[in-house]
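Results of the structural survey
Listed below are the residues making up each chain.
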Amino acid sequence: MTQPTLALGPLLYNWSADRRRAFYCGIAEDSPFDVVYLGETVCGKREPLVADAMAEAAEVLSTAGKTVVLSTLALAVTESEVDALRGVAASAGEGFRVEANDAGALALLAGRPHRVGPYVNVYNEGTLTVLAERGAESVCLPWELSADSLARLAEAAGRLGMATEVQVFGRAPLAISARCYHARAHGLSKDGCRYVCGQDVEGMPVDTLDGAAFLRVNGTQTQADALTLLVREVPDLVAAGVTAFRLSPHDLDMGAAGRVYADLLAGRLDPVAAEDALFDLLDGRAAANGFYHGRDGAAWIAA
Amino acid sequence: MSHHSSAATLSPSLIGGLLLRPVPLPVLRAVARPLLTRVVGHLAPLLADRLSGLAGTVAIVPAGWPVALLLTIGAGGLDADVTRAEGVEATAVVRAPVEVLLGMLDGAGGLDGDAGLFARLLTIEGDTGLVMALRYALEDGGIDASALLSRLPGAERAVGLVRRVHAAATHDLAVLQQAVVAPLRTELARQEARLSRLEQDAARRRR
Amino acid sequence: MSRPIELVCPAGTPAALAAAVEAGADAVYFGFRDRTNARNFPGLNFSPKEAAEGVALCRRHGVRPMIAINTYPDAGDEALWQRAVDIAAEAGAHAVILCDMGLAAYAAKRHPDLRLHLSVQAAAANEHAIRFYRDAFGIRRVVLPRVLTVPQIAALTQAVPEVETEVFVFGGLCVMAEGRCSLSSYATGQSPNKDGVCSPASAVRYEQEGEVMVSRLAGYTINRFGPGEPAGYPTLCKGRFRAMNRDGHLFEDPTSLDASTLVPDFARAGVAALKIEGRQRGKAYVAQVVKSLKAAIAGTQAAAPAAFLEGGVATTGAYTRAWQ
């Protein structure tokens, strides 16, 4: 069995160009990630403002030996969003690697090697077969799958010659909408949003009326407040045939988080010590692993 | 109470409540039992399939009435009984003015359960899932409220009133709310008062 | 326009199906009593026998029966969904409405003559997505997600002319892209995509605090309705939350979709069918809403009673850009 790879998922938040430059320089210089996903997956409106910074990031990361993959929008509806989708898909013909996040991207990439992202509903072996037949080389499985589903799908993907990626670190995106809730909370419309989503580096906290932390709003996306953290579960996932582990960028030392997983995968760190180290990095953020354990996603099932 | 008054002042549930209030529970049970047995005998086979795998008791409390209908769902099928509304205990309790309860059984012309909840014409406490399943089963069982009630003395008039109130509802929901929600509010206020009395008692005992 | 716009009506029980047929539905959609459809509520839906009877009743009245098999099969458990497709095909359903790629591949291969409609749960929101399902599985109609404006619907309908479009015209309004929402799964552990239920009734509790009604989902307080304040479904997207130190309906107010005034626009956009949401609703809803929508299609506006709307309020949702 080859050593699983480590991937850094696409940035979900609307960070400024400067913050993005600094972040990806750091990842390029000092992180164990083999693969870095770039590309805007949440809101097409954000893209033009940070296009230069992201192009630079792609350059810096490639130079540092990272495999760069461009992820497509999860929900492309408007003409400009669909144009953006076509643009990213077209780059697959120019030597870039592309990850499809909706059926539209799958159509545009059909017959060419491509990756399938976590926003495509992959729940069963039949769907994996359809994807493999149309050129998918790898699949990143959705957040809400349980251990049993993940294991079955990793096994099936292996048979189909596909790589399987599982997301082990990050606030799970729970929903995407045509409506922008960040704008709505600020009394603005999506068209006149003033990019207020940029004010919250990890999304806008949403509490219940009782004051319990519950969700995060990230523009048109709604995320879990609790950060999904799979650590003790990693050895079982490796045994099930998962070939890559993905971390989602948050406003913390992602290089350090990556190193914990690298050490865990290499056997330099045991799962309990790795979990402790990651809890330190979480710095008070709530953790969850309920989806994996077949429970409500918000649950934390202790060892 | 005059008969030509508008739906807003005419409260059939109040009339029903007054009619029922002086009757002691054992007497009421004796009267209701044969009817309930017949109704359940008719209903049980129709509902069995949709209620299979579910268990519990749903209390249906017509607001302002001193009695509640208890429907028990379980492996033995369906059973029905009446009990005192005051302090009723069940897996789920549905409270609504009787017009609303009947209206929901009134097939194509009335409101459905969701609409009743949206308009705050009814409340559900306890196991919401059981109430929903019972509702779907009753509806698919084709319960004809009018036919059932025609076996009760004086019920035809009540059904007529129900129809009138619901006709008003389709034109103006506010009229319906005014007409029928008042007893529900009273009921809720009474519940709240009772709870707070119980809490005070408990607090005193702890001291 | 080659033929008049088709009205596709919901049925959660045989009684509701009969009410829809009686009220003049052109097509009726329903599902089996299990996880294979997106209204998997206790006590609701059709046994295989009831489904066959439902299909027969529809056929006798010239109504097109459609069977929704619109959840995502679990890994290792695909047989349940495949059997549902087989039963629907054998019953003679006019179409099956599905969303899963694996299941669509199965249906296309096993039942090549069965008409496939792409469920809204697939959230095919652009022309390329629709082409994907057309090319891969030969879908004949797409039920569009409630994220599109009317001009976008017109453009899509024109861009992929071989695939008919169907849009929601009335009823519950998902404000999130359908089939891509795990809010309920995060709170309750039951997944809309896998288990076919959003805000399962078993996880819902209403509590009365005097005249205030509090709704809780799996222990989370998701709304408080003041005395007499109209309520909505206990779904998270219509919940009241606290953000930026303010309490409010962050995602959407309790409201239902009513796009009956847009019927002429949908017709001009080339839309083939209009769908009424509400397999969980009663006969009263089905009968009255179907009648009023038939009137709207015929050009004689007759509004459905406001009482049937969540919060007693209607919206045209994403069909109007300003909503977004």
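Predicted model only: the values in this text are computed from it and were never measured. (Residues numbered from 1 in each chain as written. Chains lettered and ligands numbered in written order. Predicted model: local features only at pLDDT ≥ 70, side-chain atom pairs only at ≥ 80, totals over all residues. Heavy atoms only, no water.)

Each helix and strand in chain C was counted, giving 10 helices and 15 strands. Taken against the 2.2 N^0.38 rule, which gives 20 Å for 324 residues, the C-alpha radius of gyration of chain C at 19 Å falls within 12% of a compact globule. Seen along its three principal axes, the alpha-carbon backbone of chain C occupies a region of about 55 × 50 × 40 Å. Buried positions account for 69% of the 324 residues belonging to chain C. Considering only contacts within chain C whose residues lie at least 6 apart along the sequence, 62% involve residues at least 24 apart. Across chain C, the 34 positively charged side chains and the 31 negatively charged ones have centroids separated by 1 Å. (Helix = DSSP H or I, 4+ residues; strand = E, 2+ residues; numbered from the N terminus. Rg over C-alpha atoms; globule rule 2.2 N^0.38 Å. Buried < 20%, exposed > 50% of the residue type's maximum accessible area, 1.4 Å probe, protein only. Contact = heavy atoms within 4.5 Å. Lys, Arg positive; Asp, Glu negative; His and termini not counted. Charge placed at Lys NZ, Arg CZ, Asp CG, Glu CD.)

Within the largest apolar cluster, 253 residues are counted, with the highest numbers of intra-cluster contacts made by F169(A), Y261(A) and F266(C). It is helix α2 (residues 25–51) of chain B that provides the largest number of residues to this core, a total of 10 residues. Once residues within four sequence positions are removed from consideration, F266(C) is found in contact with I5(C), V150(C), I153(C), V167(C), V169(C), A259(C), V271(C), L274(C) and Y319(C). (Core = buried A, V, L, I, M, F, W, Y, C linked by side-chain atoms within 4.5 Å.)

Bringing the interface of chain C and chain B into the picture now. On the chain B side, the residues contacting the 45 residues of chain C number 34 residues. Buried area between chain C and chain B, summed over both chains or domains, comes out near 3,200 Å², and the portion from carbon and sulfur atoms is 54%. Taken together, the links from chain C to chain B amount to four salt bridges. We note a salt bridge from D49(B) to R33(C), for which the minimum N-O separation is 3.2 Å. (Buried area = accessible area lost by both parts, 1.4 Å probe. Salt bridge = Lys/Arg side-chain N within 4 Å of Asp/Glu carboxyl O.)

Moving on: helix α5 (residues 125–133) of chain A. Residue and element names in this part refer to chain A. If you check which residues of α5 are buried, you get E125, G126, T127, L128, V130 and L131. Of the residues that open α5, the one with a side-chain oxygen 3.3 Å from the backbone nitrogen of G126 is N124. Downstream of α5 by one or two residues, G135 has phi in the positive range, about 110°. (Polar contact = N/O pair within 3.5 Å; in protein donor to acceptor, adjacent residues only side chain to side chain.)

Residue and element names in this part refer to chain B. Strand direction decides the pairing type here: strand β2 (residues 67–74) and strand β3 (residues 77–84), joined by eight bridges, are antiparallel. The partner of V67 across the bridge, within β3, is R84. Here β2 folds back onto β3 in antiparallel fashion, the turn holding two residues. (Pairing = 2+ DSSP bridges.)

In this section: the interface of chain A and chain C. If you look at the interface, chain A gives 64 residues, while chain C gives 60 residues. Looking at the side of chain A facing chain C, the largest losses of area belong to R179(A), L209(A) and F214(A), adding up to 14% of the total buried there. Applying the counting criterion to the chain A and chain C interface returns four salt bridges. A salt bridge links R86(A) to E127(C), with the shortest nitrogen-to-oxygen separation between them at 3.6 Å. Run the count over chain A and chain C and you get 38 residue pairs in polar contact (both at pLDDT 80 or more).

All names here are of chain C. One non-glycine residue, N45, lies in positive phi territory at about 85°. Of note, N45 is situated in the loop between β2 (27–30) and α2 (48–60). Assessed through its relative accessible area of 0%, N45 is described here as buried. Positive phi is not limited to glycine here, since A123 has a value of about 45°. Mapping A123 onto the fold places it in the loop between β5 (116–118) and α5 (127–137).

This chain's UniProt record puts "binding site: [4Fe-4S] cluster" (unreviewed entry) on C43(A), C180(A), C193(A) and C197(A). Spanning 155 residues, the named residues nonetheless gather at one spot, since no C-alpha pair among them exceeds 11.6 Å. Judged by relative accessible area, C180(A) falls into the buried class, the value being 9%. Here C180(A) is in contact with K190(A), G219(A), T220(A) and Q324(C), once residues within four sequence places are set aside. (UniProt positions renumbered as here; feature names shortened; annotations may be inferred.)

Here the focus is the sheet that holds strand β4 (residues 92–96) of chain B. Residues and elements named next belong to chain B. A sheet is described by the order of its strands in space; here five strands give the open sequence β3-β2-β1-β4-β5, paired in mixed fashion. Only two strands of the sheet have a single partner each, and these edge strands are β3 and β5 (123–126). Strand-to-strand, the axes of this sheet are offset by a mean angle of 20°, without reference to chain direction. In terms of strand pairing, strand β1 (residues 56–62) meets β4 through five bridges, oriented parallel. When the sheet's bridge partners are listed, V61 is paired in β4 with R95. Here α2 sits on the sheet and contacts β2 and β3; the angle it forms with β3, its principal contact strand, is near 150°. (Axes fitted to C-alpha atoms, helices over the stretch in contact; angles between N-to-C directions.)

Here we come to the domain arrangement of chain C. Residue and element names in this part refer to chain C. Entries for chain C in the domain assignment read domain 1 (6–173 + 255–319) and domain 2 (183–249). A straight line from the C-alpha centre of domain 1 to that of domain 2 covers 26 Å. Facing the 18 residues of domain 1 at the interface are 11 residues of domain 2. Buried surface at the junction of domain 1 and domain 2, summed over both partners, amounts to about 1,100 Å²; 45% is from carbon and sulfur atoms. Summed over the three residues of domain 1 that lose the most area to domain 2, namely Y72, E310 and G311, the buried surface amounts to 38% of that side. Scanning the region where domain 1 abuts domain 2 turns up one salt bridge. Salt-bridge contacts for E310 lead to K238; the nearest nitrogen and oxygen are separated by 3.1 Å. At the junction of domain 1 and domain 2, the tally comes to nine residue pairs in polar contact (both at pLDDT 80 or more). (Domains from an automatic or database assignment.)

Glancing now at the state of the cysteines. Two cysteines, two sulfur atoms, one covalent bond between them: this is a disulfide. For the coordinates displayed, the defined rule picks out zero disulfides over all chains. As a non-bridged cysteine, C181(C) has C198(C) as the owner of its nearest cysteine sulfur, 6.3 Å distant. (Disulfide = S-S within 2.5 Å.)

Averaged over chain C, the pLDDT score is 95; the fraction of residues at 70 or greater is 99%. In the model output, the complex is listed with pTM 0.92 alongside ipTM 0.97. (pLDDT = per-residue confidence, 0-100.)

Another point: the pattern of salt bridges. All names here are of chain C. For the structure on display, the rule yields 53 salt bridges over all chains. In this structure, R146 and E178 form a salt bridge, with 2.6 Å as the shortest nitrogen-oxygen distance. Here E178 lies in the loop between β7 (164–171) and α7 (183–188) and R146 lies in the loop between β6 (141–143) and α6 (150–159), a separation of 32 residues in the sequence. As far as the burial class goes, R146 and E178 line up, both buried.

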